[in-house]
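Structure at a glance
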Amino acid sequence: MAGRINDDDVKAVRDAVPIDAVVSEYLQLRNAGGGNLKGLCPFHDEKSPSFQVSPSKGLFHCFGCQEGGDTIAFVMKIDHLSFSETVERLAAKAGITLRYEEGGYNPSHQRGERIRLVEAHKVAAQFYVEQLDGPEAEIGRKFLAERGFDQAAAAHFGVGYSPAGWDHLTRYLRGKGFSDKELITSGLSQDGRRGPIDRFRGRLMWPISDTSGDIVGFGARKLRDDDNGPKYLNTPETAIYKKSQVLYGIDLAKKDIAKASRAVVVEGYTDVMACHLAGITTAIATCGTAFGGEHIKILRRLLMDNGSARVIFTFDGDAAGQKAALRAFEDDQKFAAETYIAIAPDGMDPCDLRLVKGDEAVRDLVEPRTPLFEFALRQIVGRYDLETPAGRGAALDEAAPVVARIKNSSSQHEVAVQLAGMLGILDTQFVVKRVAQLARWARERGDQRGPAQPPSRGGRQHQQVQAPAPAPSGPALNLRSPAHRTERELLKLALQKPDLVSPAFDAYGADEFTAPPYAAVRQCIAEAGGAERGVPETREYLVQVLDAAPNDTVRNLVTELAVEVFHGKTIDETYAGMQLVQVRLRAVDRRIDEVQGSLARLGSNVAPDHLAAAQNEVWVLQQYAQSLRNSGADAL
């Protein structure tokens, strides 16, 4: 059993790995003001960024779905790792050697499953690269050379070669300490009659990385005629490799995709290589599957869905390429970016184009592009005889629902006008109204994908109505309440700038906060040692507050308050004093009302000694309230 990681080492990992650097491996971040950064949340779909990162505090929080936490919590959630696996992964990046409090340090036994599988792939990738230099791999080097890729290109993309024998890699990985179970689980080996054998044999190998740069799988190209396997063989679905969630080249392209707000989607590994070597460093490809919704989520987080974002598909000009383009259009409206298609006039893919016409031709390929919706419509319209009224009507019936999927009303109108021109229908308004009618039917039945068919004449709708999305979870708070707004601001000060409110804040009881969620946060601060604990080291103090949270709801509220910007323009001792006074003053006024209300209910039945004590308490509280109003924070 793995030992517990030493607490000081966990703290060292938190301090050594900046949260903005880690988050930037998964999504694009931009300045949000107040020292914070913002981006599209990776944990739920959204059109505008509500996900914020505070580098100074080492925390993130999404104001849309309420997810939040520190660097470790972010990696745990996004990569589905345990706490120890996450700490080990971050420690490896930071070059920190971890100590375990039970059983000593044994890397071969005390790493989490994902860490081990990623390590196995890293070792395998290096093994394959080394094999590419051997005599047997001559056929692989020839394949690359014939497609215009030299040794430097192969090295840049980590291309390697898997030996043709049964178990070369398997034996090598065993010698590195990996168990047979790990080899099978990783997909690098498979069961043979006498034990594990290599899955990939006698093939050219491309390593496939996730957005963080970890190698999670391989794509293998057949080289010999006696290989009875498929032309391309990919890693099977594993704990770390999901083909619908990986994009080849994303680790190399992500920074330029974010910087240029442009992504070029090609069809194969060699196409990605050709594009990058030609200067199109935003090129990526799917791995043995159609481009789909999960791929869109990856790109959207990098593109930030700003108005200038572009996604360009470069499918082959053959029937299969056109079919792939139409499949991509099915998901087009999941993008906020503009989508285009670029097909070489002679139907060549980027790899062949570079080989025949050079790098400039590849760069030119993605410039005179066609909007994807226009391409899709022309493919539909082209199947009908537009010389006849029946042909034009049938084409309209198929094409109009496609246009009705466009969510932006002005764009929808413009495309409907274009469709009328494509069909040769002179009554443009007839087409525009037809499209608008289909879009209205879709909205009425809640079909977010857009209409496939209009409702039948009998009124029955064959498509299932989608249930409305659940509202974001989180504590119910009335931010229109002046009391709640002030309590929230004071808690933000206690978490973000404890030096401005301590030690006065630590004398406040949880009952001085009228909103139960805020009272819960106040209790967490108390259990962490009070705001005064945060004066020398705010980041470690915030970790302790989060650890004191009784559940995820309170924990998420802590991160929300710890990254939210203040309402005031100048955040200083004067501003902090105003919040302290307002919260205390309202608490005093509430107590006065409680005592006077109790006396009124008792009437003449109150005992003389109890009446005197109550009247004295009210008098003291009234004097204190007056002092707070006159002297402000000095009266605390």
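In this report, we go over the structure that sits alongside the text. (Residues numbered from 1 in each chain as written. Predicted model: local features only at pLDDT ≥ 70, side-chain atom pairs only at ≥ 80, totals over all residues. Heavy atoms only, no water.)

Now for the packing of helix α20 (residues 482-496) against helix α24 (residues 552-563). Between α20 and α24, the shortest axis-to-axis distance is 8 Å and the interhelical angle comes to 85 degrees. The pairing of α20 with α24 is recorded here as roughly perpendicular in orientation. Residues R488, L491, K492, L495 and Q496 of α20 pack against L557, V558, E560, L561, A562 and V563 of α24. Its residues assigned to classes, the contact of α20 with α24 comprises seven nonpolar, one polar and three charged. (Axes fitted to C-alpha atoms, helices over the stretch in contact; angles between N-to-C directions. Helix = DSSP H or I, 4+ residues; strand = E, 2+ residues; numbered from the N terminus. Parallel < 35°, antiparallel > 145°, perpendicular 65-115°, else oblique. Contact = heavy atoms within 4.5 Å. Nonpolar A, V, L, I, M, F, W, Y, C, P; charged D, E, K, R; others polar.)

All right, on to the packing of aromatic side chains then. Summed over the entire model, instances satisfying the criterion amount to 17 aromatic pairs. Measuring from centroid to centroid gives 6.1 Å for F43 and F60, while their planes differ by 45 degrees, and the two rings are tilted. One end of the pair, F43, is in the loop between β2 (36-39) and β3 (51-54); the other, F60, is in strand β4 (residues 59-62), and 17 residues separate them in sequence. These aromatic residues form a ring-pair network of at least three members: Y26, F43, F51, F60 and F74. R147 extends its terminal NZ or CZ atom over the ring of F143, reaching a point 3.6 Å from the ring centre. Positioned above the aromatic ring of Y508, the side-chain terminus of R584 is 4.1 Å from the ring centre. (Phe/Tyr/Trp six-rings, centres within 6.5 Å; stacked < 30°, edge-to-face > 60°. Lys NZ or Arg CZ within 6 Å of the ring centre and 35° of its normal.)

Read across the open sheet, the five strands follow the order β13-β12-β14-β15-β16; overall the sheet is mixed. Each edge of the open sheet carries a strand with a single partner, namely β13 (283-285) and β16 (370-371). Summarising the sheet, strand β12 (residues 262-266) and strand β14 (residues 310-313) pair through four bridges and their orientation is parallel. Opposite A263, over in β14, you have V311 as the bridge partner. (Pairing = 2+ DSSP bridges.)

What follows concerns empty space enclosed by the protein. Counted according to the given criterion, the structure contains two cavities of 30 Å³ or more. In this structure, the largest cavity occupies an estimated 60 Å³ of space. Lining the largest cavity, in full, are R14, K57, G58, L59, D70, T71, R539, L542 and V543. Per element, the largest residue contribution to the lining of the largest cavity is three residues, and it comes from helix α23 (residues 538-548). Broken down by class, the residue content of the lining of the largest cavity amounts to three nonpolar, two polar and four charged. Approximately 30 Å³ is the volume found for the second largest cavity. (1 Å grid on protein atoms, 1.4 Å probe; cavity = no way out; pocket = protein on both sides within 12 Å on 5 of 7 lines; lining within 4 Å. Points joined across faces, edges and corners; volume = space filled by probe spheres on them.)

Next up on the list: unusual backbone geometry. The amide bond that connects S502 to the next residue, P503, takes the cis arrangement and shows omega of 5 degrees. With respect to the helices, strands and loops of the structure, P503 is situated in the loop between α21 (498-501) and α22 (516-527). The residue Q66 is not glycine, and still its phi comes out positive at about 75 degrees. Here Q66 is to be found in the loop between β4 and β5 (68-70). What makes Q66 buried here is its relative accessible area of 13%. A positive phi is found at S261, a non-glycine position, where the angle reads about 55 degrees. (Buried < 20%, exposed > 50% of the residue type's maximum accessible area, 1.4 Å probe, protein only.)

Scope: geometric values only; no functional claims are made or implied.
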